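What the coordinates show
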Amino acid sequence: MIKSDDENLKILFFGDLVGKPGRFAVRNFLSENFNGIENTLSVPSTHSFIIANVENASHGFGLTEKNYNDLCEYGVDCMTSGNHIWDKKEIFNYIDKADKLVRPFNYPANTPGSGSRIFEIGNGIKIGIINLLGRVFMSPVESQWDKAVEEIKRLKEITPVVIVDFHAEATAEKICFGRLCSELGVSAFFGTHTHVQTADEQVMNNMGYITDAGFCGTADSVIGMDYKTSLNRFTTVVPERYDVADGNVVQINAVEVEVNPTNGHTVAIKRIFLLSDKEKEAANEK
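Because the structure is a prediction, the values reported are computed rather than measured.

This part covers the pairing of strand E7 (residues 162-167). Among the 6 residues of E7, 6 are classified as buried, and the element is accordingly described as predominantly covered. Neither face of E7 is exposed, since Val162, Val164 and Phe166 on one face and Ile163, Asp165 and His167 on the opposite face are all buried. The sheet contact formed by strand E6 (residues 125-133) and E7 spans 6 bridges and is parallel. Considered in E7, the bridge of Leu133 is made with His167. The β-α-β motif built from E6, the intervening helix H5 (residues 144-158) and the parallel element E7 has right-handed crossover chirality. Crossover E7 to strand E8 (residues 188-192) through helix H6 (residues 171-183) is right-handed.

So, about unusual backbone geometry. We note that Asn123 has phi near 55 degrees; this positive angle belongs to a residue other than glycine. Mapped onto the fold, Asn123 is located in the loop between strand E5 (116-122) and E6. Phi angles above zero are rare outside glycine, and Phe137 is one such case at about 60 degrees. Mapped onto the elements, Phe137 comes out in the loop between E6 and H5. The exposure class of Phe137 is exposed, given its relative accessible area of 70%.

Time to look at the side chain of Ser143. Mapping Ser143 onto the fold places it in the loop between E6 and H5. Each residue touching Ser143, except ones within four places of it in the same chain, is listed here: Asn106 and Arg135.

A complete count under the given rule lists 11 aromatic pairs for this structure. Ring geometry for Phe14 and Phe29: centres 5.4 Å apart, planes at 90 degrees, overall edge-to-face. With Phe14 in strand E1 (residues 9-14) and Phe29 in helix H1 (residues 19-30), the pair connects residues that are 15 residues apart, well separated along the chain. A residue is classified by how much of its surface remains accessible, and Phe29, at 1% relative accessible area, is buried. Between Phe177 and Phe189, the ring centres sit 6.1 Å apart and the planes meet at 65 degrees, which makes this aromatic pair edge-to-face. Remark: Phe189 occurs in strand E8 and Phe177 occurs in helix H6; sequence separation between them is 12 residues. Grouping aromatic residues by their ring pairs yields a cluster made of Trp145, Phe166, Phe177, Phe189 and Tyr209. Directly above the aromatic system of Phe24 lies the positively charged group of Arg27, at a separation of 4.1 Å from the ring centroid. We note Lys147 situated over the ring of Phe105; from NZ or CZ to the ring centre the distance is 4.9 Å.

Thresholds, definitions, all that
Numbers given to residues run from 1 along each chain, matching the order in which its sequence is written. Only residues with pLDDT of at least 70 are given local features in this predicted model, and only at 80 or more are side-chain atom pairs given and counted; all residues enter the totals for whole chains, interfaces and linings. The basis for every side-chain value is the complete set of non-hydrogen atoms in the structure, without hydrogens or water. Burial status follows relative accessibility: with a 1.4 Å probe on protein chains alone, a residue under 20% of its type maximum counts as buried, one over 50% as exposed, and anything between as partly exposed. Think of it this way: any DSSP run of H or I at least four residues long counts as a helix, any run of E at least two long counts as a strand, and we number them from the N terminus. Two strands are counted as paired when DSSP detects at least two bridges linking them. Orient the strands so they point away from the viewer, and a crossover whose first-strand-to-second-strand path over the helix runs clockwise is right-handed. In this analysis, two residues are considered to be in contact whenever any of their non-hydrogen atoms come within 4.5 Å of each other. Aromatic pairing here means that ring centres of Phe, Tyr or Trp (its six-membered ring) are within 6.5 Å. Orientation follows from the plane angle: under 30 degrees is stacked, over 60 is edge-to-face, and everything else is tilted. Note on criteria: charge over ring means Lys NZ or Arg CZ within 6 Å of the ring centre, with the direction from the centre no more than 35 degrees off the ring normal.

So this is what it looks like as structure tokens:
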């Protein structure tokens, strides 16, 4: 994938994939099935590394082994996750052998799976990935402030290129933690979880940053879920189960960063928001 040691890495990060519409939207994106894609950003096949947050990829909650394997076939190099990673109980049967999947690092030490990984992509270039959960308005987990610092330092001893997926609810927590990560020499910081793409992409102290990367899935929805179900929950307070939305338009929310592989600095960042009404067989099933 890398033509020379001096070439910048092009890393593409997809916001949370929501159900089959999200998975198929990413599949089609990576297959160049979107019209005009060559004119809007780098051709997908030229990306050095592709990451997707997959905690909502299977029926909106969790990740099945089949969907994990499918996403690997689509060309996703690394899958990050979040608080819904355990929703499909079969995850416990395969997570320890899923070498492209990263679960949140700040679960207890005996939790199955890995919260950080090193990926080697050619020419001796390595990329460190760490996934972390926030604690504000979220279920209790170990403090990312304490756990992340030492792990990021460890990853930085192996490679200058370190990527953080911070899965959190509060924007202030994301911004503050992002600033800490920039001081630690992180290459790129992608916020996830709220499914609403923010317009604050920037290079922060040589680190690519966005508060939330958004989501991939049905556009006519409430963060990927069916509007009527969401309305019922808000108006009746009855705990009706959310269902993945159907619709004629899917959206792709992603962020592209260019990273210098020698020093790990982000030199460019681009926020991506695309809509497509093509290849919509994805929305006919959930």
